[in-house]
Amino acid sequence: MSRSPLDVDDRIGSREFLRPLQRMGLPARARRLAFADFAFHGHGPRGAVRVGIERKTVSEIFGAITDSRFVGHQLPGLLLAYDYVVLVVEGPARVDPHSGLLMLGRHEAGFSRVRTMFTTYRKFLTTLAIKGRIVVEPTYGFTETQWVIAAVDEWWQAAWASHQSAYHVEESQI
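Q: Break down the nonpolar core for me, citing the residues and quoting the values.
A: Nonpolar side chains in soluble globular proteins tend to end up buried together. The biggest cluster of nonpolar side chains holds 20 residues, and the ones touching the most others in it are Leu125 and Leu128. Where this core is concerned, the elements lending two or more residues are helix 2 (58-66), helix 3 (69-81), strand 5 (84-90) and helix 4 (118-130). If sequence neighbours within four positions are ignored, Leu128 has contacts with Phe70, Leu75, Leu87, Arg133 and Ile134. One finds Phe17, Ala28, Phe38 and Val148 within the second-largest nonpolar core, a separate group that totals 19 residues.

So, in structure tokens, the structure goes:
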């Protein structure tokens, strides 16, 4: 399989990444994607696979906890459209040490009067990772998100057999 271009959704929220990714040397192109903000073909354990990367801000994840649009529409679509799904959660999420609330930088996260505990946010992401088999990649902001997208794309472009680190962990336990 030859090098697959990185498709970048042409809508606001994704298209801002097109030029920065191209400047990094990725063969990125604008496309309308039904699901995911970024998509490409990679090398899987049994040949070519389709990988989708969805980008959400911490506040959007906060909304997904209380609104069914992501879980009821986007998530099923991602899981059907792609063999592997990566969820990039962008923003400086942290816990308020006194209240346990989810904070976005120095401010409470979210757009509504509903308050979200940091543990609720983390349990939601853990459920997506464990039960949904979605790779969750937290990032601090736009620049880190750009580098994570590039790293994920590059990882999948390598031959499956070249990814050996897990074997080192397994062998060290024998």
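Q: Explain the sheet that holds strand 5 to me, and be specific about the residues and the numbers.
A: Sheet architecture is open: six strands sit in the order 2-1-3-4-5-9, paired in mixed fashion. Lying at the two open borders of the sheet, with one neighbouring strand each, are strand 2 (28-31) and strand 9 (135-139). Taken pair by pair, the neighbouring strands of this sheet meet at an average axis angle of 30°, ignoring direction. Here seven bridges tie strand 4 (residues 47-57) to strand 5, and the two strands are oriented parallel to one another.

What counts, and where the lines are drawn
Residues numbered from 1 in each chain as written. Predicted model: local features only at pLDDT ≥ 70, side-chain atom pairs only at ≥ 80, totals over all residues. Heavy atoms only, no water. Core = buried A, V, L, I, M, F, W, Y, C linked by side-chain atoms within 4.5 Å. Buried < 20%, exposed > 50% of the residue type's maximum accessible area, 1.4 Å probe, protein only. Helix = DSSP H or I, 4+ residues; strand = E, 2+ residues; numbered from the N terminus. Contact = heavy atoms within 4.5 Å. Pairing = 2+ DSSP bridges. Axes fitted to C-alpha atoms, helices over the stretch in contact; angles between N-to-C directions.

Any functional reading would require information beyond the geometric quantities listed.
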